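Structure assessment
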Amino acid sequence: MRILPFLQLGFAAQVPLYSTSISPASVPQIPQMATHFTLSEGANALSPQDMLTLSRPGAPLPNDIGDLAIVPISTYSFQDRKSHKSLSVIALSDGQTYDIPLPDGGDAFWLDSRTIAHIVTKDDTQSLYTIPISTSPLSSDLSSHVGSFPITTASAFRYNPSAQHLMFSAYVYPDGLVETVKEQDAAYENRGNSGLVYDETFERHWDTWVGPKRKALIGISLAKVGAKWVLGETYVNVLKGTGLSSPVEPFGEADDYDISQTHVIFTAKDPQLPRAVHTRQNIYIVTHDGKDLRQLTSGIQGATHSPVFSPSGDKVAWLELALDGHESDRARVVIYDLEKDVRFTITEDWDRSPDSIIFSPSAALIYATTGDHARIKIFALAIPPTPPPNSTQITQPTALTSRGSISGFTPIPGGRATFALSSLTSPNEVYELSGLDAVERDLLAGMNADVKATTLTRLTSFSSAGLQGKDLAPGKDFWFKGTAEGQDTHGYVITPPGFERGINGKWPAVMFIHGGPESAWFDQWSTRWNPNVFASQGYIVVAINPTGSTSFGQKFTDGINKNWGGRPIQDLLMGWKYILQEYPEIDQNRTAAAGASYGGYAINWIQGNPELGFGFKALVCHDGVCSPLWHEGFNHEWGGRPWDPAAIEASRKYSPVHTVAKWSTPQLIIHSSKDYRIPEGDGIGVFHALQQLGVPSRLLIFPDENHWVINAGNSLKWHYEVFRWLDQFVGRS
């Protein structure tokens, strides 16, 4: 693939794109950009600052007897520019809550039904404390120090009370010992140079240059002796000497492994393959002492996720992708009977891809958190009896929920489960689903479960005060005929406060284009691309799930392969034209599009193909791909390595660098210096080209952010610049 033209764009200050014989007067002049702008605020409007200061609850973690749950909460204050951490203890019987401030943050988890473990990192020391909980009334006693760890990177904690065994992940050096980490850290920091040398990829990943340490799974005893908890003295790295690293970076945490009374099951990258171009992860099982390691996967699959033990430890389950190199292949549910040494798949004919799984308390069901038609639902799957080797078992999944997006689904005694649920109008709140025992009886009897017999109860109101009076739109589904053969294509319309039908040409509109590219716009809360924040600034928001989107079947997802600028863009165009026809209230002279990652690529592609006829008057490109020479997933997405014939053909056909001469729409470019998934050169190159073409353009760079804008102050700046840009070309003025 020829990339020299794009590389020249990145050095536009040194290598002009126009001939030096052209007089300076003939160089395109960029119009003067507006500077004054204020965000719309009001009692019924969800401003960016309103959104950023709302509490951010995590998923609930119930105790073993199912009467209490804990929820980590983070709340940002613009007054002191800090995130304040706390832990909410919830009585599941009536939703009563008790908040425990955690000034130093840190992980929290249950040790028994009335004792919370709290990990505190302070002054280069990481320690374990216990917090006793009382229920009459709901309260906590003073925390007690149990012990300290010889490292400061311990995370992803799991505790098995029967084995009195604590597991966690931590970064260790090649010797595999947590006891030597601090000494080796000091030596590494004082080595006298900053050079990093690599003999294999990844050399950097997500937002970090890879150093000499790798993640490992560490075990230690933790027992209650009388009234006191005692941390052991001997640490066991169950991965020592194996060449394996788990959890898998950059996002793997406690969902990458599980523990039983005797064993640990985990997923890890195949050590025989280059990590940067292969997604294959194997499933391994090992004893707590690390002396009996076995691989349970075939070694010819793709990635694996969410390994879990059954309550008795006689079975394990995990999610398995078939294709190595495919980040978004369909995930199948695999069951492994450890006693019979037989593995089998139970979702071979289910055209959905679960995100996480967990056994029911009886081990008769698997509950799967799964995207389905732009919602994230819970499905129940009956586990059939273990079949003979090399056979496939089929089970019919049953959806137990129908709205919003669920995370942290955890079954508890009494036929109940707790989880967090968010939507387009609310951040996470804790819910309880009861009546699951009846569902289980029906499914095991081969009957269709009566989901109406279950009861969904909301237990918390973390965001009620902050959202009181806000006019938030729940989002309206729409469907249109896209490019997929006979398949309807989905999108959401989110309308502003005060929107009424019948006043034609009143409202500006912005089309959202999601990243991934295999992802989707869900009925889900977001602090990065929140449709109601845009609607509160006076925009109709159109969020389309084109070819390549997840939760609509694997064929639809795979339709984007080698086709980035083809069917997905045509779907966006068809959906956009459908909305313009269905919503004459949109002023077609005041429309814009905004997207990130793949969505940023789509912005650059639309920029260079005005003949498509979108008609946008302004564009916003966040961390967008312009030159698809290499980014994570390239080999699968583009048909091979950059120099392979299929990839060359696809990149010549769909690379925005070949359409620069047609760029003419005002464009805001946002990029971050620590985005190693799509390096900042792509954004800077686009900015230089637009500037030399005389196209109104602005560059916003965050030197300290990665692929996402995480810092609240930076996020507020992001929103300010995006809305200032939109306002100048299509907005209120």
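Look up a bit, the structure's there.
Not measured: the values here are computed from a predicted model.

Quick notes on the rules
- Residues numbered from 1 in each chain as written.
- Predicted model: local features only at pLDDT ≥ 70, side-chain atom pairs only at ≥ 80, totals over all residues.
- Heavy atoms only, no water.
- Helix = DSSP H or I, 4+ residues; strand = E, 2+ residues; numbered from the N terminus.
- Rg over C-alpha atoms; globule rule 2.2 N^0.38 Å.
- Buried < 20%, exposed > 50% of the residue type's maximum accessible area, 1.4 Å probe, protein only.
- Contact = heavy atoms within 4.5 Å.
- Areas by Shrake-Rupley, 256 points an atom, 1.4 Å probe, with all protein chains shown as cover.
- Lys, Arg positive; Asp, Glu negative; His and termini not counted.
- Charge placed at Lys NZ, Arg CZ, Asp CG, Glu CD.
- Pairing = 2+ DSSP bridges.
- Disulfide = S-S within 2.5 Å.
- Patch = residues over 30% accessible without salt bridge, like charges linked within 9 Å, V, L, I, M, F, W, Y side chains within 5 Å.
- Salt bridge = Lys/Arg side-chain N within 4 Å of Asp/Glu carboxyl O.
- Axes fitted to C-alpha atoms, helices over the stretch in contact; angles between N-to-C directions.
- Expected span 1.5 Å × (residues − 1).
- Core = buried A, V, L, I, M, F, W, Y, C linked by side-chain atoms within 4.5 Å.
- Polar contact = N/O pair within 3.5 Å; in protein donor to acceptor, adjacent residues only side chain to side chain.
- Phe/Tyr/Trp six-rings, centres within 6.5 Å; stacked < 30°, edge-to-face > 60°.

**A word on the overall build of the protein**
The secondary structure content of the protein amounts to 13 helices and 41 strands. Radius of gyration (C-alpha) of the protein: 27 Å, near the 27 Å computed for a compact globule of 733 residues. C-alpha extents for the protein along the principal axes are approximately 85 × 65 × 55 Å. Taking all 733 residues of the protein together, 57% fall into the buried category. Long-range contacts, defined as pairs at least 24 residues apart, comprise 61% of the intrachain contacts of the protein with a sequence gap of at least 6. As displayed, the protein has an accessible area near 30,300 Å², and 50% of this comes from carbon and sulfur atoms. Considering the protein, the positive charge centre built from 57 side chains and the negative charge centre built from 75 side chains are found 4 Å apart.

**What to know about the sheet that holds strand E20 (residues 281-287)**
Across the sheet, which stays open at both edges, the four strands sit in the order E18-E19-E20-E21 with antiparallel pairing between neighbours. A single partner strand is all that each edge strand has here, and the edge strands are strand E18 (257-259) and strand E21 (294-295). One ladder, built from three bridges, connects E18 with strand E19 (residues 263-269); its direction is antiparallel. Bridge pairing links Ile259 to Val264 in E19.

**Details of the state of the cysteines**
Chemically, a disulfide is nothing more than a covalent bond linking the sulfur atoms of two cysteines. The final tally for this structure, using the stated rule, is zero disulfides. The thiol of Cys621 is not disulfide-bonded; the next cysteine sulfur, from Cys626, is found 8.1 Å away. Overall, the relative accessible area of 2% leaves Cys621 in the buried class.

**A few points about the pairing of strand E24 (residues 331-337)**
Of all seven residues making up E24, seven are buried, and the element is well covered by its neighbours. Judged by which residues are buried, E24 turns out to be covered on both faces: Ala331, Val333, Ile335 and Asp337 on one side and Arg332, Val334 and Tyr336 on the other are all buried. Pairing of strand E23 (residues 315-321) with E24, which is carried by seven bridges, proceeds in the antiparallel orientation. When the bridges of E24 are listed, Val316 appears paired with Tyr336. The sheet contact formed by E24 and strand E25 (residues 342-345) spans four bridges and is antiparallel. What sits directly across from Asp337, in E25, is Val342. Remark: four residues form the turn of the hairpin made by E24 and E25, two consecutive strands paired antiparallel; Asp341 in that turn has positive phi of roughly 55°.

**Focus on a nonpolar patch on the surface**
A contiguous nonpolar surface patch, about 300 Å² in accessible area, is contributed by Phe251, Trp708 and Ile710. Mapped onto the fold, Ile710 is located in the loop between strand E41 (697-702) and helix H13 (712-729).

**Considering the sheet that holds strand E35 (residues 488-494)**
Here we have eight strands laid out as an open sheet, ordered E34-E35-E37-E36-E38-E39-E40-E41, and mixed in their pairing. Edge positions in the sheet fall to strand E34 (476-481) and E41, since each of these pairs with one other strand and no more. The sheet shows a mean angle of 20° between the axes of neighbouring strands, direction not considered. Where E34 meets E35, six bridges bridge the pair, whose relative direction is antiparallel. By the bridge assignment, Phe480 is partnered in E35 with Thr489. Contacting E34, E35, strand E36 (507-513), strand E37 (540-545) and strand E38 (586-596), helix H8 (residues 567-582) runs over the sheet at an angle of about 120° to E34.

**As for the pairing of strand E30 (residues 405-412)**
Note on strand geometry: in a regular strand, side chains alternate between the two faces of the sheet. For E30, a buried count of six out of eight residues is recorded, marking the element as mostly surrounded by other parts of the structure. By the bridge criterion, six bridges tie E30 to strand E31 (residues 416-423) in an arrangement that is antiparallel. Paired with Pro411 across the strands is Ala417, a residue of E31. As consecutive antiparallel partners, E30 and E31 are separated by three residues, and within that stretch Gly414 has a phi angle of approximately 90°, a positive value.

**So, H8**
Taking 1.5 Å as the rise per residue, H8 with 16 residues should run 22 Å; its terminal C-alpha atoms sit 22 Å apart, in good agreement. All of the buried residues in H8 are Pro568, Ile569, Asp571, Leu572, Leu573, Gly575, Trp576, Ile579 and Leu580.

**Re the nonpolar core**
Counting 45 residues, the largest nonpolar core has Phe534 and Leu726 as the members making the most contacts within it. Looking at this core element by element, the count peaks at six residues for H13. With residues up to four places along the chain from it excluded, the contact list for Leu726 reads Phe534, Tyr539, Ala592, Val620 and Gly731.

**Let's talk about the side chain of His118**
Mapped onto the elements, His118 comes out in strand E7 (residues 115-122). A polar contact of 2.6 Å, which involves the side chain of His118, links it to the backbone oxygen of Gly105. Setting aside residues up to four positions removed in sequence, His118 forms contacts with Leu102, Gly105, Gly106, Asp107, Ser127, Leu128, Tyr129 and Ile131.

**A short note on helix H9 (residues 598-607)**
Quick reminder: α-helices carry 3.6 residues per turn. Residues three or four places apart thus point the same way. Among the ten residues in H9, ten count as buried, and that is most of the element. Among the residues of H9, Tyr598, Gly599, Gly600, Tyr601, Ala602, Ile603, Asn604, Trp605, Ile606 and Gln607 are the ones counted as buried.

**Topic: the pattern of salt bridges**
Across all of its chains, the model carries 22 salt bridges by this definition. A salt bridge links Arg501 to Glu585; the shortest N-O distance between them is 3.1 Å. Placement of the pair is Arg501 in the loop between E35 and E36 and Glu585 in the loop between H8 and E38, with a sequence separation of 84 residues. Accessibility expressed as a relative area gives 2% for Glu585, which makes it buried. Counted as one network, the salt bridges with shared partners bring together Arg352, Asp372 and Lys377.

**Considering unusual backbone geometry**
Leave glycine aside and you will find that most residues have negative phi; peptide bonds, for their part, are mostly trans. Residues Ser246 and Pro247 are joined by a peptide bond in cis, for which omega reads -5°. Summarising the element assignment, Pro247 is placed in the loop between strand E17 (236-237) and E18. Looking along the chain, the bond that leaves Gly516 and enters Pro517 is cis, with omega of 0°. Within the fold, Pro517 resides in the loop between E36 and helix H6 (531-536). The phi angle at Ala156 is positive, at roughly 55°, despite the residue not being glycine.

**As for the packing of aromatic side chains**
Aromatic ring pairs are reported here in terms of the distance separating the ring centres and the angle at which the planes meet. This structure, assessed with the given rule, holds 43 aromatic pairs. On the basis of an interplanar angle of 55° and a centroid distance of 4.7 Å, the ring pair of Phe534 and Phe723 is categorised as tilted. Of this pair, Phe534 sits in helix H6 while Phe723 sits in helix H13; the two residues are 189 residues apart in sequence, bridging distant segments of the chain. Phe723 carries the same exposure label as Phe534, and that label is buried. On the basis of an interplanar angle of 70° and a centroid distance of 5.9 Å, the ring pair of Phe552 and Phe556 is categorised as edge-to-face. Taken as a pair, Phe552 and Phe556 share a single burial class, namely buried. Taken together, the ring pairs connect Phe512, Trp521, Trp529, Phe534, Tyr539, Trp718 and Phe723 into an aromatic cluster.

**Regarding the environment of Ala661**
Secondary-structure assignment places Ala661 in the loop between helix H11 (645-654) and strand E40 (667-672). Sequence spacing of Ala661 and Ala689 is 28 residues, and the spatial spacing of their C-alpha atoms is 9.1 Å.

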